[in-house]
Amino acid sequence: SRFTTADKMADSGEHTTQELEDREEREHFARVVSSFKFYKMYSLRRLHMNKVSYVQLSDQHKNRVMGYMDNLEMIQTCILHNYEVIKLMLQDCQYMFLNKEECITDTDFERAKKLDCAPPTGEEMDKVKTTLKQIMRDWSEDGRAEREACYQPVMHAVLTRLGSRKPSDVKILVPGAGMGRLVFEFARLGYSCQGNEWSLHMLLASNFVLNRCQERNSMIIYPWVHQYTNNLATKDQTRRVMFPDISPLQVGSDADFSMVAGDFTKIYTEPNSWNAVVTVFFLDTAHNIIEYLETIYSILIPGGYLVNLGPLLYHWAGQQNEMSIELSYEEVRKVMLDIGFEIEKEEMNVRCSYVQNPLSLMQSYYNCVMFVAKKPLSRHSHHDVSS
Ligand code: SAH
(Lines give C-alpha, C1' and ligand atoms only; values in the text may rest on other atoms or scores of the structure.)
Protein backbone atom coordinates (compact mmCIF):
# COMPACT_ATOMS: atom_id res chain seq x y z
CA SER A 1 0.00 0.00 0.00
CA ARG A 2 1.09 3.56 -0.68
CA PHE A 3 -1.64 5.09 1.45
CA THR A 4 -1.24 6.80 4.78
CA THR A 5 -3.61 8.84 6.84
CA ALA A 6 -2.67 12.03 8.61
CA ASP A 7 -4.22 12.36 12.02
CA LYS A 8 -6.34 15.43 12.20
CA MET A 9 -4.77 18.26 14.12
CA ALA A 10 -6.47 18.81 17.45
CA ASP A 11 -8.96 21.64 17.44
CA SER A 12 -8.35 24.48 19.82
CA GLY A 13 -11.50 23.53 21.76
CA GLU A 14 -10.63 22.23 25.21
CA HIS A 15 -12.86 19.22 25.13
CA THR A 16 -11.59 17.71 21.92
CA THR A 17 -9.36 14.84 22.76
CA GLN A 18 -7.56 12.69 20.26
CA GLU A 19 -9.85 9.86 21.29
CA LEU A 20 -12.98 11.77 20.40
CA GLU A 21 -11.52 12.76 17.06
CA ASP A 22 -10.52 9.20 16.34
CA ARG A 23 -14.01 8.10 17.05
CA GLU A 24 -15.48 10.75 14.79
CA GLU A 25 -13.13 9.67 12.07
CA ARG A 26 -14.13 6.05 12.43
CA GLU A 27 -17.78 6.99 12.31
CA HIS A 28 -17.19 9.02 9.20
CA PHE A 29 -15.44 6.05 7.65
CA ALA A 30 -18.38 3.85 8.60
CA ARG A 31 -20.82 6.25 6.98
CA VAL A 32 -18.87 6.29 3.74
CA VAL A 33 -18.69 2.51 3.71
CA SER A 34 -22.40 2.30 4.34
CA SER A 35 -23.11 4.67 1.44
CA PHE A 36 -21.28 2.23 -0.84
CA LYS A 37 -23.17 -0.68 0.66
CA PHE A 38 -26.43 1.13 0.02
CA TYR A 39 -25.63 1.44 -3.69
CA LYS A 40 -27.52 -1.60 -4.85
CA MET A 41 -30.73 -0.86 -2.98
CA TYR A 42 -30.63 2.79 -3.92
CA SER A 43 -30.02 2.16 -7.61
CA LEU A 44 -32.59 -0.61 -7.90
CA ARG A 45 -35.15 1.61 -6.25
CA ARG A 46 -34.61 4.25 -8.92
CA LEU A 47 -34.87 1.62 -11.60
CA HIS A 48 -38.07 0.36 -10.06
CA MET A 49 -39.68 3.76 -10.70
CA ASN A 50 -39.15 3.17 -14.43
CA LYS A 51 -40.70 -0.25 -14.20
CA VAL A 52 -43.72 1.15 -12.40
CA SER A 53 -44.20 3.77 -15.10
CA TYR A 54 -43.82 1.24 -17.87
CA VAL A 55 -46.45 -1.06 -16.39
CA GLN A 56 -48.93 1.80 -16.57
CA LEU A 57 -48.61 2.05 -20.34
CA SER A 58 -51.48 0.76 -22.44
CA ASP A 59 -50.79 -2.44 -24.36
CA GLN A 60 -50.75 -0.44 -27.53
CA HIS A 61 -48.06 1.86 -26.18
CA LYS A 62 -46.10 -1.05 -24.80
CA ASN A 63 -46.07 -2.51 -28.28
CA ARG A 64 -44.62 0.69 -29.62
CA VAL A 65 -41.60 0.38 -27.34
CA MET A 66 -40.83 -3.30 -27.60
CA GLY A 67 -37.56 -4.01 -25.89
CA TYR A 68 -38.02 -1.22 -23.33
CA MET A 69 -38.38 -3.74 -20.51
CA ASP A 70 -35.42 -5.75 -21.81
CA ASN A 71 -33.34 -2.63 -21.53
CA LEU A 72 -34.50 -2.09 -17.94
CA GLU A 73 -33.41 -5.66 -17.18
CA MET A 74 -30.07 -4.89 -18.78
CA ILE A 75 -29.72 -1.82 -16.57
CA GLN A 76 -30.42 -4.01 -13.57
CA THR A 77 -27.67 -6.43 -14.58
CA CYS A 78 -25.23 -3.52 -14.86
CA ILE A 79 -26.17 -2.18 -11.43
CA LEU A 80 -25.62 -5.60 -9.90
CA HIS A 81 -22.26 -5.82 -11.61
CA ASN A 82 -21.23 -2.37 -10.33
CA TYR A 83 -22.18 -3.54 -6.88
CA GLU A 84 -19.86 -6.54 -7.19
CA VAL A 85 -17.00 -4.15 -7.98
CA ILE A 86 -17.98 -1.98 -5.02
CA LYS A 87 -17.87 -5.03 -2.76
CA LEU A 88 -14.36 -5.81 -3.98
CA MET A 89 -13.45 -2.21 -3.25
CA LEU A 90 -14.73 -2.50 0.32
CA GLN A 91 -12.97 -5.78 0.96
CA ASP A 92 -10.33 -5.29 3.65
CA CYS A 93 -10.66 -1.52 3.30
CA GLN A 94 -10.31 -1.13 7.06
CA TYR A 95 -6.61 -1.92 6.55
CA MET A 96 -6.01 0.51 3.72
CA PHE A 97 -3.79 2.89 5.67
CA LEU A 98 -0.22 1.75 6.28
CA ASN A 99 0.08 3.67 9.50
CA LYS A 100 -3.20 2.67 11.06
CA GLU A 101 -3.98 -0.86 12.10
CA GLU A 102 -7.67 -0.57 11.42
CA CYS A 103 -9.67 2.50 10.53
CA ILE A 104 -12.89 0.81 11.44
CA THR A 105 -13.98 -2.21 13.44
CA ASP A 106 -17.27 -4.08 13.46
CA THR A 107 -18.21 -2.37 16.71
CA ASP A 108 -17.55 1.06 15.21
CA PHE A 109 -19.69 0.11 12.30
CA GLU A 110 -22.54 -1.04 14.52
CA ARG A 111 -22.29 2.07 16.65
CA ALA A 112 -22.26 4.33 13.64
CA LYS A 113 -25.34 2.60 12.35
CA LYS A 114 -27.15 3.07 15.65
CA LEU A 115 -26.06 6.65 16.21
CA ASP A 116 -27.07 7.61 12.78
CA CYS A 117 -29.76 5.28 11.61
CA ALA A 118 -30.66 7.74 8.87
CA PRO A 119 -29.90 6.06 5.56
CA PRO A 120 -27.29 7.72 3.35
CA THR A 121 -28.50 11.03 1.96
CA GLY A 122 -29.00 11.70 -1.74
CA GLU A 123 -25.84 13.75 -1.62
CA GLU A 124 -23.85 10.84 -0.21
CA MET A 125 -25.28 8.54 -2.87
CA ASP A 126 -24.32 11.05 -5.57
CA LYS A 127 -20.75 10.69 -4.35
CA VAL A 128 -20.95 6.93 -4.85
CA LYS A 129 -22.22 7.37 -8.41
CA THR A 130 -19.57 10.01 -9.09
CA THR A 131 -16.89 7.66 -7.83
CA LEU A 132 -17.74 5.27 -10.67
CA LYS A 133 -17.36 8.11 -13.15
CA GLN A 134 -14.08 9.18 -11.58
CA ILE A 135 -12.73 5.69 -12.23
CA MET A 136 -13.69 6.23 -15.87
CA ARG A 137 -11.98 9.66 -15.92
CA ASP A 138 -8.68 8.60 -14.39
CA TRP A 139 -8.30 4.95 -15.25
CA SER A 140 -9.99 4.09 -18.53
CA GLU A 141 -9.38 4.50 -22.23
CA ASP A 142 -12.76 6.26 -22.34
CA GLY A 143 -11.36 8.98 -20.08
CA ARG A 144 -8.26 9.56 -22.17
CA ALA A 145 -9.45 12.69 -24.00
CA GLU A 146 -10.65 14.28 -20.78
CA ARG A 147 -7.38 13.47 -19.05
CA GLU A 148 -5.28 14.77 -21.90
CA ALA A 149 -7.09 18.10 -21.83
CA CYS A 150 -6.52 18.56 -18.07
CA TYR A 151 -3.31 16.75 -17.23
CA GLN A 152 -1.14 17.31 -20.30
CA PRO A 153 -0.88 21.10 -19.96
CA VAL A 154 0.19 20.88 -16.32
CA MET A 155 2.61 18.02 -16.93
CA HIS A 156 4.11 19.91 -19.82
CA ALA A 157 4.55 22.99 -17.62
CA VAL A 158 6.32 20.97 -14.94
CA LEU A 159 8.54 19.11 -17.40
CA THR A 160 9.69 22.23 -19.22
CA ARG A 161 10.71 23.82 -15.92
CA LEU A 162 12.02 20.92 -13.85
CA GLY A 163 12.65 18.32 -16.53
CA SER A 164 16.41 18.83 -16.64
CA ARG A 165 16.89 17.79 -13.01
CA LYS A 166 17.25 14.27 -11.74
CA PRO A 167 13.57 13.29 -11.38
CA SER A 168 13.94 11.57 -8.02
CA ASP A 169 15.29 14.83 -6.57
CA VAL A 170 12.19 16.70 -7.65
CA LYS A 171 9.37 16.63 -5.13
CA ILE A 172 5.89 17.09 -6.51
CA LEU A 173 2.72 17.45 -4.46
CA VAL A 174 -0.76 16.98 -5.95
CA PRO A 175 -3.43 18.18 -3.49
CA GLY A 176 -6.98 17.04 -4.24
CA ALA A 177 -5.54 14.12 -6.17
CA GLY A 178 -8.92 12.46 -6.77
CA MET A 179 -8.38 8.98 -8.19
CA GLY A 180 -4.63 9.51 -8.34
CA ARG A 181 -3.85 9.31 -12.05
CA LEU A 182 -1.87 12.55 -12.25
CA VAL A 183 0.25 11.52 -9.26
CA PHE A 184 0.79 8.16 -10.93
CA GLU A 185 1.89 9.80 -14.18
CA PHE A 186 4.51 11.90 -12.38
CA ALA A 187 5.70 8.84 -10.48
CA ARG A 188 5.97 6.96 -13.77
CA LEU A 189 8.45 9.59 -14.94
CA GLY A 190 10.51 8.96 -11.80
CA TYR A 191 9.52 12.01 -9.78
CA SER A 192 9.09 11.89 -6.03
CA CYS A 193 5.40 12.40 -5.91
CA GLN A 194 2.71 12.63 -3.27
CA GLY A 195 -1.04 12.87 -3.72
CA ASN A 196 -3.29 14.23 -1.02
CA GLU A 197 -6.99 13.59 -0.88
CA TRP A 198 -9.68 14.32 1.62
CA SER A 199 -12.62 12.31 0.35
CA LEU A 200 -12.88 8.73 1.57
CA HIS A 201 -15.04 7.87 -1.41
CA MET A 202 -12.09 8.76 -3.63
CA LEU A 203 -9.52 7.14 -1.38
CA LEU A 204 -11.37 3.83 -1.19
CA ALA A 205 -11.62 3.69 -4.96
CA SER A 206 -8.08 4.83 -5.73
CA ASN A 207 -6.71 2.43 -3.14
CA PHE A 208 -8.55 -0.33 -4.96
CA VAL A 209 -7.20 0.63 -8.38
CA LEU A 210 -3.63 1.33 -7.30
CA ASN A 211 -3.12 -1.50 -4.86
CA ARG A 212 -5.47 -4.25 -5.93
CA CYS A 213 -5.92 -4.09 -9.71
CA GLN A 214 -2.89 -5.48 -11.47
CA GLU A 215 -3.72 -6.33 -15.03
CA ARG A 216 -4.64 -3.86 -17.71
CA ASN A 217 -8.40 -3.70 -18.35
CA SER A 218 -9.11 -6.54 -15.97
CA MET A 219 -12.17 -4.83 -14.47
CA ILE A 220 -15.46 -3.57 -15.83
CA ILE A 221 -17.86 -0.91 -14.58
CA TYR A 222 -20.96 0.71 -16.03
CA PRO A 223 -20.56 4.36 -15.04
CA TRP A 224 -23.41 5.69 -17.22
CA VAL A 225 -26.06 3.30 -16.00
CA HIS A 226 -27.61 5.98 -13.77
CA GLN A 227 -28.09 8.36 -16.65
CA TYR A 228 -31.65 7.69 -17.77
CA THR A 229 -31.98 10.85 -19.81
CA ASN A 230 -30.22 12.36 -22.81
CA ASN A 231 -29.26 9.03 -24.34
CA LEU A 232 -28.92 8.83 -28.11
CA ALA A 233 -28.78 5.05 -28.48
CA THR A 234 -30.56 2.85 -25.94
CA LYS A 235 -27.39 0.87 -25.37
CA ASP A 236 -25.43 4.01 -24.43
CA GLN A 237 -26.74 3.81 -20.89
CA THR A 238 -25.40 0.30 -20.37
CA ARG A 239 -22.08 0.88 -22.09
CA ARG A 240 -19.24 -0.75 -20.25
CA VAL A 241 -15.96 0.83 -19.30
CA MET A 242 -12.86 -1.25 -18.70
CA PHE A 243 -10.18 -0.30 -16.23
CA PRO A 244 -7.36 0.20 -15.45
CA ASP A 245 -6.16 1.23 -18.91
CA ILE A 246 -2.60 0.83 -17.64
CA SER A 247 -1.29 -1.62 -15.08
CA PRO A 248 -0.61 0.21 -11.81
CA LEU A 249 2.41 -2.09 -11.52
CA GLN A 250 4.06 0.12 -14.15
CA VAL A 251 5.14 2.18 -11.18
CA GLY A 252 7.47 -0.08 -9.25
CA SER A 253 7.39 -0.50 -5.50
CA ASP A 254 10.73 1.31 -5.35
CA ALA A 255 9.13 4.48 -6.69
CA ASP A 256 8.68 7.39 -4.31
CA PHE A 257 4.92 7.58 -4.74
CA SER A 258 2.46 8.03 -1.91
CA MET A 259 -1.08 9.10 -1.13
CA VAL A 260 -1.91 10.91 2.08
CA ALA A 261 -5.46 11.12 3.38
CA GLY A 262 -6.68 14.28 5.06
CA ASP A 263 -7.27 18.00 4.75
CA PHE A 264 -4.57 19.73 2.72
CA THR A 265 -4.50 22.86 4.87
CA LYS A 266 -4.03 20.86 8.08
CA ILE A 267 -1.38 18.45 6.82
CA TYR A 268 1.02 20.63 4.87
CA THR A 269 2.60 22.99 7.32
CA GLU A 270 6.30 22.32 6.69
CA PRO A 271 7.73 25.32 4.80
CA ASN A 272 10.06 25.02 1.80
CA SER A 273 9.33 21.36 1.07
CA TRP A 274 8.13 20.97 -2.52
CA ASN A 275 9.55 21.83 -5.93
CA ALA A 276 6.09 21.89 -7.47
CA VAL A 277 2.53 21.88 -6.24
CA VAL A 278 0.22 20.80 -9.05
CA THR A 279 -3.49 21.49 -8.74
CA VAL A 280 -6.16 20.36 -11.20
CA PHE A 281 -9.78 21.25 -10.39
CA PHE A 282 -8.65 21.83 -6.82
CA LEU A 283 -8.18 25.51 -5.86
CA ASP A 284 -11.93 26.10 -5.89
CA THR A 285 -12.51 23.44 -3.23
CA ALA A 286 -11.27 25.97 -0.65
CA HIS A 287 -13.42 27.61 1.97
CA ASN A 288 -10.85 30.35 1.73
CA ILE A 289 -8.75 30.32 -1.42
CA ILE A 290 -6.42 32.95 0.08
CA GLU A 291 -5.46 30.43 2.74
CA TYR A 292 -4.83 27.75 0.09
CA LEU A 293 -2.57 30.09 -1.88
CA GLU A 294 -0.63 31.15 1.22
CA THR A 295 -0.17 27.54 2.26
CA ILE A 296 1.09 26.61 -1.19
CA TYR A 297 3.46 29.58 -1.24
CA SER A 298 4.85 28.62 2.11
CA ILE A 299 5.43 24.92 1.38
CA LEU A 300 7.11 25.59 -1.98
CA ILE A 301 10.89 25.60 -2.03
CA PRO A 302 12.10 29.05 -3.26
CA GLY A 303 12.25 28.73 -7.04
CA GLY A 304 9.39 26.21 -6.94
CA TYR A 305 6.14 26.36 -8.89
CA LEU A 306 2.42 26.28 -8.39
CA VAL A 307 0.98 24.81 -11.58
CA ASN A 308 -2.79 25.03 -11.76
CA LEU A 309 -5.59 24.21 -14.14
CA GLY A 310 -9.25 24.50 -13.29
CA PRO A 311 -12.40 26.58 -13.10
CA LEU A 312 -13.59 28.59 -10.10
CA LEU A 313 -16.73 26.66 -9.31
CA TYR A 314 -16.34 27.26 -5.61
CA HIS A 315 -17.29 24.04 -3.89
CA TRP A 316 -18.79 25.66 -0.80
CA ALA A 317 -20.54 28.48 -2.64
CA GLY A 318 -23.94 29.27 -1.24
CA GLN A 319 -23.95 26.48 1.33
CA GLN A 320 -25.62 27.13 4.66
CA ASN A 321 -23.23 27.66 7.56
CA GLU A 322 -20.14 27.15 5.42
CA MET A 323 -17.59 29.85 4.95
CA SER A 324 -16.96 30.48 1.28
CA ILE A 325 -14.79 33.19 -0.25
CA GLU A 326 -15.69 33.36 -3.91
CA LEU A 327 -13.04 35.38 -5.70
CA SER A 328 -13.00 36.02 -9.43
CA TYR A 329 -9.86 35.00 -11.27
CA GLU A 330 -8.96 38.66 -11.44
CA GLU A 331 -8.94 38.75 -7.64
CA VAL A 332 -7.16 35.41 -7.31
CA ARG A 333 -4.43 36.80 -9.51
CA LYS A 334 -4.01 39.92 -7.38
CA VAL A 335 -3.85 37.80 -4.22
CA MET A 336 -1.12 35.62 -5.75
CA LEU A 337 1.01 38.64 -6.69
CA ASP A 338 0.42 40.13 -3.26
CA ILE A 339 1.62 36.94 -1.56
CA GLY A 340 4.80 37.11 -3.61
CA PHE A 341 4.21 34.73 -6.50
CA GLU A 342 5.49 35.65 -9.95
CA ILE A 343 3.07 34.62 -12.65
CA GLU A 344 5.13 33.00 -15.39
CA LYS A 345 2.46 31.68 -17.66
CA GLU A 346 -1.24 32.16 -17.96
CA GLU A 347 -3.71 30.65 -20.37
CA MET A 348 -7.44 31.22 -20.47
CA ASN A 349 -10.22 29.24 -22.10
CA VAL A 350 -8.61 25.84 -21.72
CA ARG A 351 -11.63 23.76 -22.54
CA CYS A 352 -12.00 20.79 -20.21
CA SER A 353 -14.79 18.48 -19.20
CA TYR A 354 -15.12 16.65 -15.93
CA VAL A 355 -16.53 13.09 -15.72
CA GLN A 356 -18.45 13.76 -18.90
CA ASN A 357 -20.33 11.06 -20.82
CA PRO A 358 -19.02 11.69 -24.34
CA LEU A 359 -22.11 10.16 -25.98
CA SER A 360 -24.65 12.11 -23.97
CA LEU A 361 -27.06 14.52 -25.64
CA MET A 362 -26.02 16.99 -22.98
CA GLN A 363 -22.44 18.15 -22.82
CA SER A 364 -20.91 20.63 -20.43
CA TYR A 365 -17.39 21.92 -20.23
CA TYR A 366 -15.34 24.48 -18.38
CA ASN A 367 -13.24 27.28 -19.81
CA CYS A 368 -10.42 26.65 -17.39
CA VAL A 369 -7.64 28.96 -16.36
CA MET A 370 -4.19 27.43 -16.49
CA PHE A 371 -1.29 29.21 -14.86
CA VAL A 372 2.21 28.73 -13.57
CA ALA A 373 3.16 30.83 -10.55
CA LYS A 374 6.69 30.85 -9.21
CA LYS A 375 7.88 31.39 -5.69
CA PRO A 376 10.91 33.59 -6.35
CA LEU A 377 14.35 32.49 -5.22
CA SER A 378 14.64 35.52 -3.00
CA ARG A 379 11.56 37.27 -1.85
CA HIS A 380 11.00 40.56 -3.66
CA SER A 381 7.31 41.16 -3.37
CA HIS A 382 6.23 44.39 -4.99
CA HIS A 383 5.92 45.91 -1.51
CA ASP A 384 9.62 45.46 -0.86
CA VAL A 385 10.52 46.86 -4.24
CA SER A 386 8.48 50.02 -3.87
CA SER A 387 9.65 50.84 -0.36
N1 SAH B 1 -7.58 16.47 -9.33
C2 SAH B 1 -8.61 15.47 -9.48
C3 SAH B 1 -9.80 15.69 -8.54
C4 SAH B 1 -10.43 17.05 -8.63
S5 SAH B 1 -11.91 17.22 -7.64
C6 SAH B 1 -9.07 15.42 -10.91
O7 SAH B 1 -8.76 16.32 -11.68
O8 SAH B 1 -9.75 14.45 -11.28
C9 SAH B 1 -11.26 18.03 -6.19
C10 SAH B 1 -10.77 17.05 -5.19
O11 SAH B 1 -10.23 17.74 -4.09
C12 SAH B 1 -11.89 16.16 -4.65
O13 SAH B 1 -11.53 14.82 -4.82
C14 SAH B 1 -11.97 16.55 -3.17
O15 SAH B 1 -12.30 15.46 -2.34
C16 SAH B 1 -10.58 17.05 -2.90
N17 SAH B 1 -10.48 18.00 -1.78
C18 SAH B 1 -11.37 18.98 -1.46
N19 SAH B 1 -10.94 19.67 -0.38
C20 SAH B 1 -9.78 19.10 0.00
C21 SAH B 1 -8.86 19.37 1.05
N22 SAH B 1 -9.08 20.37 1.93
N23 SAH B 1 -7.77 18.59 1.16
C24 SAH B 1 -7.53 17.60 0.28
N25 SAH B 1 -8.36 17.30 -0.74
C26 SAH B 1 -9.48 18.04 -0.88
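All figures in this text were calculated on a predicted structure; none of them were measured in a lab.

Trainee: Sorry if this is basic, but what is going on with the overall build of the protein here?
Mentor: In terms of regular secondary structure, the protein is built from 13 helices and 10 strands. The C-alpha atoms of the protein give a radius of gyration of 23 Å, which matches the 21 Å a tight globule of 387 residues would have. Structurally, the protein occupies a C-alpha span of about 85 × 50 × 45 Å along its principal axes. Counting the 387 residues in the protein, one finds 48% classified as buried. When contacts within the protein are restricted to residue pairs at least 6 apart in sequence, those whose partners lie at least 24 apart make up 76%. Averaged over its 42 positive side-chain charges, the protein has a centre that lies 6 Å from the centre of its 51 negative ones.

Trainee: Just checking my understanding: could you explain the sheet that holds strand 6 (residues 257–261) for this structure?
Mentor: Within a sheet, adjacent strands bond to each other through the backbone by hydrogen bonds, running parallel or antiparallel. Judged by pairing direction, the sheet is mixed, and its 8 strands sit side by side in the order 1-6-3-2-7-8-10-9 without closing on themselves. The sheet is open, and its two edges are formed by strand 1 (3–5) and strand 9 (342–352), each paired on a single side. The sheet shows a mean angle of 20° between the axes of neighbouring strands, taken without regard to direction. Here 6 bridges tie strand 7 (residues 274–280) to strand 8 (residues 300–310), and the two strands are oriented parallel to one another. Bridged to Val280 within strand 8 is Leu309. Strands strand 1, strand 3 (192–197) and strand 6 of the sheet are contacted by helix 9 (residues 200–212), whose axis makes an angle of about 155° with strand 1. Against the sheet, helix 11 (residues 289–299) engages strand 2 (171–175), strand 7 and strand 8, with an angle of about 140° to strand 8.

Trainee: Just to check I follow, could you spell out helix 1 (residues 18–37) for this structure?
Mentor: Three or four residues apart is the spacing at which side chains of an α-helix point the same way, because the helix has 3.6 residues per turn. The terminal C-alpha atoms of helix 1 lie 28 Å apart, and with 20 residues this matches the ideal 28 Å at 1.5 Å per residue to within 8%. Residues of helix 1 that are buried include every one of Glu21, Glu27, Phe29, Ala30, Arg31, Val32, Val33, Ser35 and Phe36, and no others.

Trainee: Explain the nonpolar core to me, please; I cannot follow it from the model alone.
Mentor: The nonpolar side chains of soluble globular proteins are, as a tendency, buried together. Residues Phe29, Ile172, Phe186, Phe243, Val278 and Leu309 are the most contacted members of the largest nonpolar core, which totals 83 residues. Top element by residues in this core is helix 4 (residues 68–90). It accounts for 9 residues. Apart from the residues lying within four places of it in its own chain, the contact partners of Leu309 are Ala149, Cys150, Pro153, Val154, Thr279, Val280, Phe281, Val350, Cys352, Cys368, Val369 and Met370. Trp274, Leu283, Leu300 and Phe341 belong to the second-largest nonpolar core, a separate cluster that totals 28 residues.

Trainee: I tried to follow the site of the ligand on my own but got confused; where do I start?
Mentor: The environment of the ligand is made up of 18 residues, and the closest members are Arg137, Gly176, Glu197, Asp263 and Phe264. Within the side chain of Asp263, an N or O atom sits 2.9 Å from a nitrogen atom of the ligand. Take Val280: an N or O atom from its main chain is 2.9 Å from a nitrogen atom of the ligand. Alone, the ligand offers 570 Å² of accessible surface; in the complex the protein occludes 89% of this. Of the residues belonging to the shell around the ligand, the class tally is 9 nonpolar, 6 polar and 3 charged.

Parameters at a glance
Residues numbered from 1 in each chain as written. Predicted model: local features only at pLDDT ≥ 70, side-chain atom pairs only at ≥ 80, totals over all residues. Heavy atoms only, no water. Helix = DSSP H or I, 4+ residues; strand = E, 2+ residues; numbered from the N terminus. Rg over C-alpha atoms; globule rule 2.2 N^0.38 Å. Buried < 20%, exposed > 50% of the residue type's maximum accessible area, 1.4 Å probe, protein only. Contact = heavy atoms within 4.5 Å. Lys, Arg positive; Asp, Glu negative; His and termini not counted. Charge placed at Lys NZ, Arg CZ, Asp CG, Glu CD. Pairing = 2+ DSSP bridges. Axes fitted to C-alpha atoms, helices over the stretch in contact; angles between N-to-C directions. Expected span 1.5 Å × (residues − 1). Core = buried A, V, L, I, M, F, W, Y, C linked by side-chain atoms within 4.5 Å. Near = heavy atom within 4 Å. Polar contact = N/O pair within 3.5 Å; in protein donor to acceptor, adjacent residues only side chain to side chain. Areas by Shrake-Rupley, 256 points an atom, 1.4 Å probe, with all protein chains shown as cover. Nonpolar A, V, L, I, M, F, W, Y, C, P; charged D, E, K, R; others polar.

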